[in-house]
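An overview of the molecular structure
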Amino acid sequence: MNKSPSKKPIKINELDSITIRFAGDSGDGIQLVGHQFANATAIAGNELSTLPDYPSEVRAPAGSIGGVSGFQLSFGDESVLTPGTKPNVLIAMNPAALVVNIKNIDKGSIIIANSDAFTPAALEKAGYSSNPLEDGTLSNYRVLAIPVNTLTESTLKDSGLTKAQILKCKNFYVLGIMYWMYDLPIEPTINWIKTKFKKTPELAKANHQVLAAGYAYSEATEMFDARFQIKKSPVVPGKYRNLTGNEAAAYALITAAKLLKRKLFYGSYPITPATEILQTLAKHKANDVVIYQAEDEIAAICSSIGAAFAGCLASTGTSGPGLSLKVEATGLGVISELPLVIVNVQRGGPSTGLPTKTEQSDLLQAVYGRHGESPLVVLAATSPADCFTATLEGARIAVKYMTPVIVLTNAYLSNGSEPFRIPKLRELPKFEIPPLPEPERFKPYGRDPETLARPWAYAGLKGYEHRIGGLEKTDGSGTVSHDPENHEIMSKLRAEKVARVAAEIPPTKVYGAAEGELLVIGWGSTFGAITQAVNEARKTGLQVSSAHVRYMNPLPPDLGTVMRRFRKILVPEENFGQFRMMLRAAYALEPIGLNKMQGQALNADEVLAKIKEILRGN
Amino acid sequence: MENIKLTAKDFASTLPVKWCPGCGDFAILNQLQKAMAGMGLPHEKYVVVSGIGCSSRFPYYVNTYGFHSIHGRACAVASGVKLSNPELAVWVVTGDGDGLSIGGNHMLHAIRRNIGLKIVLFNNRIYAMTKGQASPTTLLGAKTKSTPMGTIDFPFNPARFAVGLDCTFVARGIDTDMAGNAAILERAAKHKGTAFVEVLQKCVPFTDKEFDTLKDPEKKEDLVIRVEHGKPLVFGKNKNKGITFVNFRAEIIEFKPGSVPAEVAVYDETSAEMAYLVSGFQAPEFPIPVGVFRAGEKPSYEELYYDQVAAIGDTKDNELETLLSGPDAWEIK
C-alpha cells in the first residue's frame, strides 16, 4: 500500500522490534499522534506496548521543561512485552523535548527534530546556550532536522486557515513521516480524521493534506537512507482493538454485569490516573450501566455499597489517596458481605505524590489497610489488556463469595495500551451467585457450605426484607450481636471465606526450569519487564526462571512449594519491598529485593542487571 | 401497582427497641411507620438507610429493607440504592451529628441533586451515643462534656441549611406532636425529589429539657408558630400575634383575636425567600417555626438520569462482542 517508485532503491532493514518516543510541548498533540501511530502498528499486525507520559499540569508554560509531554511505544514481534527502555527513535518537537529525553537514548539512535521550533527563545527556555542541531553536540546521533512548521505552512498556504490553525496540524506532518519510515498503513488515520473533524471539513481536509505531505516528503527526500520494516508477530487470529488499561477495566465491568444479567453501577470521583474508567463507562449508559459521579471518594464507594444492596453489580475506581479515603467504607463492605469491585490504579505516593506517574506501592494498603480483621480479595493486572481479565475475575469472585475485591492496576497499565483480542462469549468465565433459598428458609447470614457466601437478597425482592449494617451480626440470622464468641466465629468465617478463594487459583506457572538457582517472582505491572529480562538472561546461558502472581490475597496455595525449589528468590517491585514482606511473612523465606521508586516502571535492563549481579556474584 | 392496605403495625419489626425510656425516637418511629403504611407500597419497596447514632438504630425497628451504614454516610449509601432502582422508596434517618457534621458533604450534595431521598434528621442538639459532646446544632455557650466552659461554635439551623440549598421540600416538626409530625412525614413521603424533615427531639440523658418549653401547654402557643401554606402567620395562645415583613425584616405585631390585620404575612411554601426568612426565626426574639417551610417542584435526579438513558434510545449492543469491538476493531485471520 502507498508504495510508489522511489528515486533510489531504499534499503529496508528488518528489525524484531523498535522503540519510538514522541515528545513535545503538551499542546503539540503528542498523545494524539502517539495513539494514532500505535493503532497503525497494531493494524499492521504487530505486538505493541505503549506508555503515555504527560505532565500533571493541564497546560504547563509553552516550551518549558515541565511542559514536555511524551508518548513511547515499542512494536514488533512477540518479544515486545514493555514500551521499551530506551527509544531507538526520538521525535523532539522542541528543544525542551530534546533536553528532557536525550539522556535516555543511546548514541547512534535517530533524533527527528522540528528545526523550526529551535528558536533562540525556545533554546533559552530549555537551557541551551547554543543550538544543539547546529553546534555538533549531537554528532553521535543520527539527527534529522526537519523544518516542520515551514513545510506544514507551505502545504496549507492556500487553505484559507489562519496561521495558528495551520500550525496545529504540524503533528500530522511528523506522523506522515513516521508512517513512511516504518511502512505503516496511513488509511486508518485518514478515516479517523474524517470522523473526528466531521463538523469542520476544512480542518479534516487540512490535517489529511498535512499527513499525506509528510508521507510524500519522506518518500521524495533523500534525507532517509533507510526504511524499516518491523517483523510482525504471529498473533492469535481474531478481532482486536487497542485498549488502555483503564478502558480494559471499564469493559470488563460492563462484561461482568452482562454475564451476571444485572445492572452495572459505577460510583466514582475523578482522580488521576483512574478517571478514564468513569469516562469510558459514561459512554455506555444505554447498556444498563449506571454511573454516578459522587461528591467525594467516600460517597463513591458508599453509593456503590448501596447499589450492591439494591442488586447491581457494584463497582468503584480510584487511585492511592482515594483508596485511603475509601478504607472505612471498605470495612462496611467486608462486614455487610456485599459484592463490590474496587479498581485501584496505583500512582506515585504518598499524598498527592506523583499523580501521573506509576508505582506499585498500594499493595500493603490493599491487602491489610483497614481497621479490624478485615480480609478481602486482592488481584493484580499484568498488562493493559490484562486489566480486562483481572477486573472480570475480580467481579466473578466478588459475587460468588459476596465480598469486596480490590483489583490493582497502575498508571503504567492504565495509560498504556496494547491490542486486546475481543473474547467470544464462550471463552468468558461463568458467573455464579450464592443460592437464594425460599423466603421461609431465608437467613440473611445463612451461608453456602462450599464458598461460605451469604445469599444476595437485594432490596425490592418480596419476602426477603431484612436489615444489614456495620454492626457485628449473629451468624445465620444476621441480627446485631455483641456476643464475644459470636464475634470470633464471624471474624473467622469472614477470613475463611476469603481463604477459600485460593482453591480456585490455577497452579503457578514457572517460566523456565521448575527448580534451580534463581526464581524471579513478580506481581502486577512488572510482568513484561521481568519476562523480557529472564528471556534475555536465559539466552546468555543464565539459569533463571520466573513466576508472576495475580492473586495477591489469598496467595496461590502452591507458591511456597514453587519458591522452595530455588536457592534464591528475586522480587522486583516499584516500591520498597511490599510483596517481599508478604512473602517473608507467609513463607519465612528471605527473598532479594529489586526496588525502584522513581515514578517510572522497572525496565527489563534493570531486572537483567540484577539477575546477572546475583548469579555472577556467586 | 397492586392495591395494598397496610397499617403502621405491619411496619413494626420484631426486634426489641433499644432507646432510653422517654426518648423522642419512639414517637418518630411510630409516625414514620404510619406514613409508610399510608403510601400503599408493599414492604419490600422500602429501604431505610441510616448512619451512626441513636437515631440510626431506626432501620432495625422497621419491617422493610434496612441498612445501618457508617457514620455520616447514609445519604451516600441511600443515593446508590435510589439511583440503582428508582422504584424503591428510600428513607434516610440521621441525626444532627451524623447528618450535618461528619456527613455534611453527602447531605448537601443529596439536596443539590434533588435525588428522591426522604431524609429525617433527628435534632437533639447533642452527640448522645458517645454520651454527651457538643454537636453542630448545640446552642452557643451550652456546656457539654466536650465543652465544659460552653460551646464557642455557632450552631447550624438544619431546616434553614436545607432551605439555603434550595431543597425542594423542607419541614420541621416536634417529636411529641404526633398529628403534626405524621402529617409532615406523609407529605414528605409523597414528594418528588429530596425531602428534608428536621424533627426537634429531646435526649433524656443529655438534653432532657431542650425543647420542654415548646411542649408546655401553657407556653407553647406563644413560643411556637405553625406555618401553613396560604394561611396568615399567626400565633399565640389567643391567636393575637402575627408576623409582618418590613424591608425583609420580620416583626411581630399584636392584634385583637379574630381580626387578623392585612399586614400579617400569608405563608407561601413555594417561596424560597419566605422559607429562608421564616426558617431562620430564633428564640427568644421569635417563636420557633414548625410545619412545611418549602415545597417546590423540580425534576428529581433519578428522573433526569433515566430520561437521559431513554433519550439515547435503544442503542443497546445486545451482543457482547459488538459492544466490546467498538468502532475501530480489526480482524486478524
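Residues numbered from 1 in each chain as written. Chains lettered and ligands numbered in written order. Predicted model: local features only at pLDDT ≥ 70, side-chain atom pairs only at ≥ 80, totals over all residues. Heavy atoms only, no water.

Brief notes about the overall build of chain A
Quick reminder of the rule: Secondary structure counts use DSSP, requiring at least four H or I residues in a row for a helix and at least two E residues in a row for a strand, with both numbered from the N terminus. Radius of gyration here uses only the C-alpha atoms, and the compact-globule reference equals 2.2 Å multiplied by the residue count raised to the power 0.38. Accessible area is worked out with a 1.4 Å probe on protein chains only. A residue is then buried under 20% of its type maximum, exposed over 50%, and partly exposed in between.
Within chain A one finds 21 helices and 22 strands. Taking 2.2 N^0.38 as the reference for a compact globule, 618 residues should give roughly 25 Å; the C-alpha atoms of chain A span a radius of gyration of 26 Å, in line with that estimate. Across its three principal axes, chain A shows a C-alpha extent of roughly 85 × 65 × 45 Å. Residues counted as buried form 61% of the 618 residues belonging to chain A.

Digging into the overall build of chain B
Rules: Residues are treated as being in contact if the distance between any of their heavy atoms lies within 4.5 Å. Areas reported here follow the Shrake-Rupley algorithm with a probe of radius 1.4 Å; residue values treat only the protein chains shown as occluding.
Looking only at helices and strands, chain B features 11 helices and 12 strands. Taking 2.2 N^0.38 as the reference for a compact globule, 333 residues should give roughly 20 Å; the C-alpha atoms of chain B span a radius of gyration of 22 Å, in line with that estimate. Oriented by its inertia axes, the alpha-carbon framework of chain B measures out at about 90 × 45 × 45 Å. Taking the intrachain contacts of chain B between residues at least 6 apart in sequence as the baseline, contacts between residues at least 24 apart amount to 65%. Within the structure as shown, chain B displays about 14500 Å² of accessible surface, and the carbon and sulfur contribution to it stands at 55%.

Concerning the environment of Glu-331 of chain B
Structurally, Glu-331 of chain B can be placed in strand S12 (residues 330-332). Since its relative accessible area comes to 48%, Glu-331 of chain B is described here as partly exposed. Residues Glu-331 of chain B and Glu-218 of chain B, spaced 113 residues apart in sequence, show a C-alpha to C-alpha distance of 85 Å. Those residues in contact with Glu-331 of chain B that sit more than four places away from it in its chain are Gly-238 and Lys-239 of chain A.

Quick notes on helix H20 (residues 578-587) of chain A
In an α-helix, one turn spans 3.6 residues; hence positions three or four apart end up facing the same way. Looking at H20 of chain A, one finds that the buried residues are Gln-578, Phe-579, Arg-580, Met-582, Leu-583 and Tyr-587 of chain A. The first or second residue beyond H20 of chain A is Ala-588 of chain A, which carries a positive phi of 50 degrees.

Quick notes on the sheet that holds strand S9 (residues 241-246) of chain B
Residue and element names in this part refer to chain B. To keep things clear, this is the line we draw: A pair of strands is treated as paired once DSSP finds two or more bridges between them.
Reading across from one edge, S8-S9-S10 is the order of the three strands in this open sheet, with antiparallel pairing throughout. Looking along the sheet, the strands with just one partner apiece sit at the ends: strand S8 (234-235) and strand S10 (249-254). With six bridges connecting them, S9 and S10 associate as antiparallel partners. By the bridge assignment for S10, Thr-244 is matched with Glu-251.

A look at the interface of chain B and chain A
Which entries qualify depends on this criterion: Here's the idea: put two parts together, see how much 1.4 Å probe accessible area each one loses, and the total over both is what we call buried area. Salt-bridge detection follows one rule: a side-chain nitrogen of Lys or Arg within 4 Å of a carboxyl oxygen of Asp or Glu. Between N or O atoms, a polar contact is any pair within 3.5 Å; within protein, one atom must be a potential hydrogen donor and the other a potential acceptor, and residues adjacent in sequence are included only when both atoms are from side chains. Three classes are used, and their members are as follows: Ala, Val, Leu, Ile, Met, Phe, Trp, Tyr, Cys and Pro are nonpolar, Asp, Glu, Lys and Arg are charged, and the others, Gly among them, are polar.
Counting from both sides, the interface comprises 56 residues of chain B and, opposite them, 68 residues of chain A. Across the chain B/chain A interface, buried area totals approximately 5100 Å², and carbon plus sulfur atoms make up 62% of it. At the surface where chain B touches chain A, the tally comes to two salt bridges. Taking the shortest distance from any N to any O, the salt bridge between Glu-295 of chain A and Arg-113 of chain B comes out at 2.9 Å. Counting the contacts that link chain B with chain A gives 26 residue pairs in polar contact (both at pLDDT 80 or more). Elements with a contribution of two residues or more to the side of chain B that touches chain A: strand S2 (65-68), helix H2 (74-84), helix H4 (104-113), helix H10 (301-312), helix H11 (320-325) and S12 of chain B. With seven residues, the top contributor of residues to the side of chain B that touches chain A is H2 of chain B. Residue composition of the side of chain B that touches chain A, by class: 25 nonpolar, 20 polar and 11 charged.

Section: the domain arrangement of chain A
Residue and element names in this part refer to chain A. Heads up, the rule is: These domain limits were set by an automatic method or by a database of domain assignments.
Assigned domains of chain A: these are domain 1 (11-230), domain 2 (245-427), domain 3 (439-504) and domain 4 (516-616). One C-alpha centre belongs to domain 1, the other to domain 2; they are set 34 Å apart. Counting from both sides, the interface comprises 13 residues of domain 1 and, opposite them, 10 residues of domain 2. At the boundary of domain 1 with domain 2, the tally comes to one salt bridge. Lys-357 is paired through a salt bridge with Asp-53; the nearest N and O atoms lie 2.5 Å apart. Broken down by element, the side of domain 1 that touches domain 2 gets its largest block of residues, six residues, from strand S3 (residues 47-53). Of the residues belonging to the side of domain 1 that touches domain 2, the class tally is seven nonpolar, five polar and one charged.

A closer look at the side chain of Thr-152 of chain A
Following the sequence through the fold, Thr-152 of chain A ends up in helix H4 (residues 148-155). With near-sequence residues (within four places) excluded, Thr-152 of chain A lies in contact with Ile-166, Cys-169, Lys-170, Tyr-173 and Val-210 of chain A.

Re the packing of helix H7 (residues 187-196) of chain A against helix H8 (residues 201-220) of chain A
All names here are of chain A. Worth spelling out the cut-off: Fitting a line to C-alpha atoms yields each axis, with helices limited to the stretch in contact; the angle taken between N-to-C directions then spans 0 to 180 degrees. Orientation categories follow fixed angle ranges, with anything under 35 degrees roughly parallel, anything over 145 roughly antiparallel, 65 to 115 roughly perpendicular, and all other angles oblique. Take the far helix as the reference: if the near one is turned anticlockwise from it by less than a right angle, the crossing is left-handed, and if turned clockwise, right-handed.
Two numbers describe how H7 lies on H8: the axes approach to 9 Å, and their chain directions differ by 165 degrees. In this view, H7 runs roughly antiparallel relative to H8, as classed from their interaxial angle. Remark: the crossing between H7 and H8 carries right-handed chirality. Between H7, through Thr-189, Ile-190 and Ile-193, and H8, the contact on the second element is made entirely by Ala-204, Asn-207, His-208 and Leu-211. Classifying every residue of the contact of H7 with H8 gives four nonpolar, three polar and no charged.

Some remarks on the confidence of the model for chain A
For clarity, the threshold we go by: What pLDDT conveys is the predictor's confidence in a given residue, as a value from 0 to 100.
Looking at chain A, the pLDDT average stands at 92 and 95% of residues meet or exceed 70. Low pLDDT (under 50) marks residues 1-9 of chain A, which in the prediction has 13 contacts with non-local residues, meaning those over four places away or in another chain.

A look at unusual backbone geometry
With an omega dihedral of 0 degrees, the bond running from Gly-349 of chain A to Pro-350 of chain A counts as a cis peptide bond. In this structure, Pro-350 of chain A sits in the loop between strand S13 (340-346) and helix H14 (363-368). Residue Ala-283 of chain B is joined to Pro-284 of chain B through a cis peptide bond whose omega torsion reads 0 degrees. Within the fold, Pro-284 of chain B resides in the loop between helix H9 (272-279) and strand S11 (288-295).

Quick notes on the nonpolar core
All names here are of chain A. This is how the line gets drawn: For the purposes of this section, nonpolar cores are sets of buried Ala, Val, Leu, Ile, Met, Phe, Trp, Tyr and Cys residues that join through side-chain atoms within 4.5 Å.
With 162 residues, the main nonpolar core has Leu-281, Ile-521 and Phe-579 as its most contacted residues. Per-element tally for this core: the top contributor is helix H9 (residues 245-260), with 10 residues. Phe-22, Ala-44, Tyr-217 and Val-235 belong to the second-largest nonpolar core, a separate cluster that totals 54 residues.

Some remarks on the packing of aromatic side chains
In plain terms, the rule: Two rings from Phe, Tyr or Trp (for Trp, the six-membered ring) form a pair when their centres are within 6.5 Å of each other. A pair whose planes differ by under 30 degrees is stacked, one over 60 is edge-to-face, and the rest are tilted.
If you walk through the whole model with that rule in mind, you get 23 aromatic pairs over all chains. Residues Tyr-511 of chain A and Phe-527 of chain A carry aromatic rings whose centres are separated by 6.4 Å and whose planes lie at 65 degrees to one another, so their mutual orientation is edge-to-face. With a gap of 16 residues between them, Tyr-511 of chain A in the loop between helix H17 (484-499) and strand S18 (516-523) and Phe-527 of chain A in helix H18 (residues 527-539) connect regions that are remote in the sequence. With a centroid separation of 5.6 Å and an interplanar angle of 90 degrees, the aromatic rings of Trp-19 of chain B and Phe-26 of chain B are classed as edge-to-face.

Notes on H2 of chain B
Burial of H2 of chain B is extensive: 11 of the 11 residues sit out of reach of the surface. Regarding H2 of chain B, the residues found buried are Ala-74, Cys-75, Ala-76, Val-77, Ala-78, Ser-79, Gly-80, Val-81, Lys-82, Leu-83 and Ser-84 of chain B.

Considerations on the sheet that holds strand S3 (residues 89-95) of chain B
Sheet strands line up and pair through hydrogen bonds in the backbone, either parallel or antiparallel. The nine strands lie next to each other as S17(A)-S2(B)-S1(B)-S3(B)-S4(B)-S6(B)-S5(B)-S11(B)-S7(B), forming an open sheet whose pairing is mixed. Of all the strands in the sheet, just strand S17 (467-469) of chain A together with strand S7 (224-227) of chain B have a single pairing partner and so form its edges. Averaged over all pairs of adjacent strands, the angle between their axes in this sheet comes to 20 degrees, without regard to strand direction. Across four bridges, the pairing between strand S1 (residues 46-50) of chain B and S2 of chain B is parallel. Residue pairing for S2 of chain B: Ser-50 of chain B is matched across the bridge by His-68 of chain B. Each of S17 of chain A together with S1 and S2 of chain B is contacted by helix H11 (residues 297-309) of chain A, which is oriented at about 155 degrees to S2 of chain B, the strand it contacts most.

Observations concerning the pattern of salt bridges
All names here are of chain A. Tallied over the full model, the rule gives 37 salt bridges over all chains. For Asp-386, the salt bridge identified is with Arg-550, shortest N-O distance 2.7 Å. A residue pair is termed long-range when its members are at least 10 positions apart, and Asp-386 in helix H15 (residues 386-401) and Arg-550 in the loop between strand S19 (544-549) and strand S20 (551-553) qualify at 164 residues. The class for Asp-386 is buried, based on a relative accessible area of 9%. Ionic pairing is found between Glu-517 and Arg-567, a salt bridge with its closest N-O pair at 3.1 Å. Taken together, the positions of Glu-517 in strand S18 and Arg-567 in strand S21 (residues 566-573) put the pair 50 residues apart, joining distant regions of the chain. When its relative accessible area of 61% is taken as the criterion, Arg-567 is described as exposed. One continuous salt-bridge network, built from bridges that share partners, spans Glu-393, Arg-396, Lys-400, Glu-432 and Glu-504.

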